[in-house]
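Architecture and fold: a report
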Amino acid sequence: MDQALRPQEPQDDPEQLARFEQRIQSGDQIEAGEWMPEAYRFEAIRLIQMHANSEIMGALPEREWIPRAPTLARKLALTAKVQDEVGHAMLLYRVAETLGRSREEMFAELVEGRARFHNVFHYPAETWADVAIIQVFVDGAAMQTQGALRSCSYAPYARVLKRICYEEDFHIQLGLDVWRSLAEGTPRQRAMLQDALNRWWTPLIHFFGMPDKVSPHTERMLAWRIKVKSNEELRQQFLRRFVPIILEYGLVVPDPGLRWVEGEQRYVYTEPDWEELKRVGRNNGPKSAERLALRLAFYRQHAWVREAMTQWAAA
Amino acid sequence: MGGGVTVGAEVWERRLDTPRDVWAVFLQARTRDPHVHVGDVHAPDAEMALVLAKENYARRDPCVTLWVVRAAEIHTTTQDAAEMFEPAIDKSYRFGGSYRRQQQVYRSAWRLSHRDEDQ
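Along each chain, numbering runs from 1 in the same order as the chain's sequence is written. Chains and ligands are labelled sequentially in the order written, the chains with letters from A and the ligands with numbers from 1. The model is predicted, so local features are restricted to residues of pLDDT at least 70 and side-chain atom pairs to those at 80 or more, both for listing and for counting; the totals for chains, interfaces and linings are taken over all residues. With hydrogens and water excluded, all non-hydrogen atoms of the structure serve as input to the side-chain values.

**As for the overall build of chain B**
Per the convention used, a helix needs a DSSP run of H or I reaching at least four residues, while a strand needs a run of E reaching at least two, with both numbered from the N terminus. Counting its regular elements, chain B contains three helices and six strands. In sequence order, the secondary structure elements of chain B are arranged as β-β-β-β-α-β-β-α-α. Here's how the labels work: a residue is buried when its accessible area is under 20% of the maximum for its type, exposed when over 50%, partly exposed in between, all with a 1.4 Å probe on protein chains only. When the 119 residues of chain B are sorted by exposure, 24% land in the buried category. Residue contacts are counted whenever heavy atoms from the two residues lie within 4.5 Å of one another. Considering only intrachain contacts with a sequence separation of at least 6, the fraction spanning at least 24 residues in chain B is 54%. Of the roughly 8700 Å² that chain B leaves accessible, carbon and sulfur atoms contribute 54%. To be clear on the numbers: accessible area is Shrake-Rupley with a 1.4 Å probe, and residue cover counts the displayed protein chains and nothing else.

Below, the structure written as structure tokens:
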């Protein structure tokens, strides 16, 4: 969505706004159909639509590996995982719909390249080791954000996130199993894993976004609990959980500047190139065009199924 | 929210404001459990709604039956009317726990009357 679409200044009834803020502050959640400030609706749609897009686009890189999975057990598990991701998109588009956008509208925006999806899904999945990285680290990163948002103020989103996190946990466990078998494998397998990790590291650091500027906007998002933790808090949470996994298996964290600062209980890392994140976020990543084209091709290819369903129901 | 039933100035009942192709899914995990709303699906008819509900909500966890119902047919009390569920008077008389004190009295009375037998 464009910056230009942002409502100028919310024209909310001050009395309703005060009541709304008081409810949120006391820990209450808002249900579908209840009164909410226009700016709240705008931000909630932006967040949930982006999440929904990311789930359905996120199914594509791993999908490439279903036919090439090394064993039948891996193929079954990967298929289940990809199916979960598409299912999450279904749940999330429905939640976004309760905020006043139609599913068709959102889907059209996605396939026409007018909407955004997470930076990590704009990159190639070159080897089987990339599947391990995606399952452990990409899903692990997503889990930090989504886990925090389970306490967000929009109840339908919070409910769906519980279910999503439950399934994401399976993805991470599955990924760790793939990761372990490669990390304990032959020197070639270990090299393949290290190479995938090297390629994914920057997108993973990018994943949480730039450290938030202290702004009235961020303050308000936190106060309204559309945002629950800052970008940097989530990135640190991710590093604390996942850096030890890399080290445990004797692999190398692809950032020579990374170190743990005991006094501050946080990791220091090399500042990544934030311009790359902005570029990729605007659908100019290495695989953006190809994946969007694939999404559109499937959408068109399946049009007859949607039509047949409607005709059948009408008959 | 429009179209709700109004009592005084307050809207306390309305129909869910939902597109017609949205079906609410209720899942029963085990035979003795109640059906619980687990989410929605989009479908042109009930048969397809059940198929999609199975794919979306019964992939791994236990399920014995599914219900689907057009979400737009569901009537709800509004959040604004939540106060109407708040007890207007003390309803402790409806709870077994309220009678513990009485049981204690009986028990101590019984102990008193049997004191001699204990010794």
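**Details of the sheet that holds strand S5 (residues 65-70) of chain B**
For two strands to be treated as a pair, DSSP must find no fewer than two bridges joining them. Ordered by their spatial adjacency, three strands build an open sheet running S4-S3-S5 (chain B), and the pairing between neighbours is antiparallel. Each edge of the open sheet is held by one strand with a lone partner, namely strand S4 (36-42) and S5 of chain B. Along the sheet, successive strands turn relative to each other by an average axial angle of 30°, direction set aside. Sheet topology note: the strand S3 (residues 22-28) of chain B/S4 of chain B ladder contains six bridges and is antiparallel. Pairing of Trp23 of chain B across the sheet is with Val41 of chain B, part of S4 of chain B. Helix axes are fitted only over the stretch in contact, all axes being lines through C-alpha atoms; the angle between N-to-C directions runs from 0 to 180 degrees. The strands touched by helix H3 (residues 72-97) of chain A within the sheet are S3 and S4 of chain B, with S4 of chain B carrying the most contacts at an inclination of about 90°. Each of S3, S4 and S5 of chain B touches helix H1 (residues 46-57) of chain B; the most contacted strand, S4 of chain B, lies at about 115° to it.

**Topic: the pairing of S5 of chain B**
Residues and elements named next belong to chain B. Only one face of S5 is covered, namely the face carrying Leu66, Val68 and Arg70; the face carrying Thr65, Trp67 and Val69 is uncovered. Two elements, S3 and S5, share six bridges in a ladder whose sense is antiparallel. Paired with Gln28 across the two strands is Thr65, which belongs to S5.

**Describing unusual backbone geometry**
All names here are of chain A. At Arg225, a residue that is not glycine, the phi angle is positive and equals roughly 55°. In this structure, Arg225 sits in the loop between helix H8 (216-223) and helix H9 (231-248). Here Arg225 falls in the buried class, since its relative accessible area comes to 18%. Positive phi values are uncommon outside glycine, yet Asn283 reaches one of about 65°. Within the secondary structure, Asn283 is located in helix H10 (residues 274-284). Residue class for Asn283 comes out buried when judged on its relative accessible area of 13%.

**Digging into the packing of aromatic side chains**
All names here are of chain A. Each Phe, Tyr or Trp ring, with Trp reduced to its six-membered ring, pairs with another whose centre is within 6.5 Å; inter-plane angles below 30 degrees give stacked pairs, above 60 give edge-to-face pairs, and intermediate values give tilted ones. Throughout the structure, instances matching the rule amount to 16 aromatic pairs over all chains. Between Tyr93 and Phe107, the ring centres sit 5.9 Å apart and the planes meet at 65°, which makes this aromatic pair edge-to-face. Of the two residues, Tyr93 sits in helix H3 while Phe107 sits in helix H4 (residues 103-111), which places them 14 residues apart along the sequence. Accessibility assignment for this pair places Tyr93 and Phe107 in one class, buried. Each residue in the set Phe137, Trp179, Phe207, Phe208, Phe238, Phe242 and Tyr249 is aromatic and connected to the rest through ring pairs, giving one cluster. By the criterion adopted, a ring carries a charge over it if an Arg CZ or a Lys NZ lies within 6 Å of its centre and within 35 degrees of its normal. Lying across the ring of Trp65, Arg68 places its NZ or CZ 4.0 Å from the centre. The positively charged end of Arg306 is found above the aromatic ring belonging to Tyr299, 4.0 Å away from the centroid.

Nothing here speaks to function; it is all geometry.
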